[in-house]
Structures are given as structure tokens and as C-alpha cells.
Amino acid sequence: LKFKRAVVALIVLICFCMTLFAAFKAGMKYCINKRLNQDRECYIGSFYSELCLTIELLSSVEDWELSIQSTTIRKNPFRQLLTKLNSMKKLNEYAYWNMRNDKNAYVFTDLKESFGLIQTTIGDGWTCDDFLKDGVLSQNEIRFLISLKQDLERIKNSLYNEETGQANSNITMEELRDIVK
């Protein structure tokens, strides 16, 4: 009889420990998912804001000609654009680091590389043959920047939520990945 009670007590103790472990594991998973959602929402808001600022800067690309010669970043829109692209690159780098546990986190690496490539393209003149080499925007360079603006506007419009008038913070990582393709 004592042996049966001991076995039952042991079985109850084992079941209790397994239940406790399962609850702990579920709690940890919930906390990790909650943190990832908070990080994703923060990222989307920041990314949307940077997109808006960059698009606004690119909206006046035809009027840049006189101010491109300025040596200060605040007055030179071209240098401001490079700074914005660098900010977007860094934002995606940080997002990848903060959300590396998400299976779709590679989208941040892709975005970081894309903004880095754009920055290098116009900063070092890879595709537009010495971008601003003569200190004046050529028609080819203006077309490139307008095309960049259109791509960024497409991404911005896809992130926009009509109801809130802001970025849609409920976008999943899969949806974000499809938007930026």
C-alpha cells in the first residue's frame, strides 16, 4: 500500500513538473513573440517615417541643381539623400539584429543591401557613370532618382493604413517581404 502511494505521488510529481515545464516554455514563447511583434511594429513605424522623408527629399529632384554645390549637408539635397539612404540601411541592420529569431528576418538583410547598393550607386557612380561628376544632375541621373522615388512610393503606399493614416503596424513579415520585392 505504501509502495502504491509512493508510485502515485511520484507520477503526480512527474506530471506536475511536466505541466510546469510546458507552462514555462509556453510563457517564454509568448514573451519572445510579443517582443518580436513590438520590434516589428517599431521597425515599420521608423521605416515608414524614413521612407516619407526620403520621398519628400526626392520630390524636388528637378530643383536640386543650384544647391548641389553646397558643402554642408543641410543645404545639399544630394548629401541629404545619401544620409537618408544610410539611415535606412542602418535601420534594417538593427531590425535584423533585433528580430533575428524571426524566420523571415532575412528581409531586413535584403533591404539593408538594397539601400546600401543604391547609396553606393549614386555615391560612387556605379550605374550612372560618375553620378554628379560634373556637379550637375544629368537627365539620366534625374530619371534614376525619379525611378527610385517611384519605387519608394510604391513601398510606402503598400505600408499605408487608410484607417489610421499611418503605417500599418499589423503587417506580417511575409507581407513586408512581398511589398519590398
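What you are looking at is a predicted structure, and each value in this text was computed from that prediction instead of being measured. (Residues numbered from 1 in each chain as written. Predicted model: local features only at pLDDT ≥ 70, side-chain atom pairs only at ≥ 80, totals over all residues. Heavy atoms only, no water.)

K.L.:
Let's hear about the nonpolar core: which residues, and what values?
P.N.:
Inside soluble globular proteins, nonpolar side chains tend to come together where they are buried. Counting residues in hydrophobic clusters, the biggest one holds 34 residues, and the most contacted among them are Tyr43, Phe47, Phe108, Phe115, Leu159 and Leu176. At the level of secondary structure, the elements contributing two or more residues to this core comprise helix H1 (2-58), helix H2 (77-98), helix H3 (106-124), helix H4 (139-159) and helix H5 (173-179). The biggest single contributor to this core is H1, with 9 residues. Residue contacts for Tyr43: discarding those within four places in its chain leaves Leu91, Asn92, Ala95, Met99, Phe108, Leu111 and Leu176. (Core = buried A, V, L, I, M, F, W, Y, C linked by side-chain atoms within 4.5 Å. Buried < 20%, exposed > 50% of the residue type's maximum accessible area, 1.4 Å probe, protein only. Helix = DSSP H or I, 4+ residues; strand = E, 2+ residues; numbered from the N terminus. Contact = heavy atoms within 4.5 Å.)

K.L.:
For H4, give the residues involved together with the corresponding values.
P.N.:
Across its 21 residues, H4 extends 30 Å between first and last C-alpha, which sits within 8% of the 30 Å expected from 1.5 Å per residue. Every buried residue belonging to H4 is among Glu141, Ile142, Leu145, Leu148, Lys149, Leu152, Ile155 and Leu159, and all of these are buried. Along H4, the residues classed as buried sweep out an arc of 145 degrees about the axis, all on the same side. Turned more than 90 degrees away from the buried face of H4 sit Gln139, Arg143 and Asn157, all of them exposed. (Expected span 1.5 Å × (residues − 1). Arc of directions from axis to C-beta.)

K.L.:
Tell me about the confidence of the model for the chain, and name the residues and values.
P.N.:
Averaged over the chain, the pLDDT score is 77; the fraction of residues at 70 or greater is 79%. Across residues 125-129, confidence stays below pLDDT 50; counting only partners more than four residues off in sequence or on other chains, it has 11 contacts. (pLDDT = per-residue confidence, 0-100.)

K.L.:
Can you break down the layout of surface pockets residue by residue, with the values?
P.N.:
Approximately 260 Å³ is the volume found for the largest pocket. Lining the largest pocket are 15 residues, and of these Leu111, Ser114, Ile155, Val180 and Lys181 lie nearest its centre. Only H3 and H4 provide two or more residues apiece to the lining of the largest pocket. No other element matches the 7 residues that H3 contributes to the lining of the largest pocket. (1 Å grid on protein atoms, 1.4 Å probe; cavity = no way out; pocket = protein on both sides within 12 Å on 5 of 7 lines; lining within 4 Å. Points joined across faces, edges and corners; volume = space filled by probe spheres on them.)

K.L.:
Account for a nonpolar patch on the surface, with residues named and values stated.
P.N.:
Together, Leu10, Leu13, Ile14, Phe16, Met18 and Leu20 give the surface a local cluster of nonpolar side chains, amounting to about 630 Å² of exposed area. Locating Ile14 in the fold gives a position in helix H1. Residue Ile14 is classed as partly exposed on the basis of its relative accessible area of 42%. (Patch = residues over 30% accessible without salt bridge, like charges linked within 9 Å, V, L, I, M, F, W, Y side chains within 5 Å. Areas by Shrake-Rupley, 256 points an atom, 1.4 Å probe, with all protein chains shown as cover. Salt bridge = Lys/Arg side-chain N within 4 Å of Asp/Glu carboxyl O.)

K.L.:
Please set out the packing of H1 against H2 residue by residue, giving values where relevant.
P.N.:
Relative to each other, H1 and H2 sit at 170 degrees, their axes nearing to 10 Å. When the axis of H1 is compared with that of H2, the two are roughly antiparallel. Each of Leu36, Asp39, Tyr43, Ser46, Phe47, Glu50, Leu51, Leu53, Thr54, Leu57 and Leu58 in H1 lies in contact with H2, whose residues at this interface are Pro77, Gln80, Leu81, Lys84, Ser87, Met88, Leu91, Asn92, Ala95 and Asn98. Of the residues belonging to the contact of H1 with H2, the class tally is 12 nonpolar, 6 polar and 3 charged. (Axes fitted to C-alpha atoms, helices over the stretch in contact; angles between N-to-C directions. Parallel < 35°, antiparallel > 145°, perpendicular 65-115°, else oblique. Nonpolar A, V, L, I, M, F, W, Y, C, P; charged D, E, K, R; others polar.)

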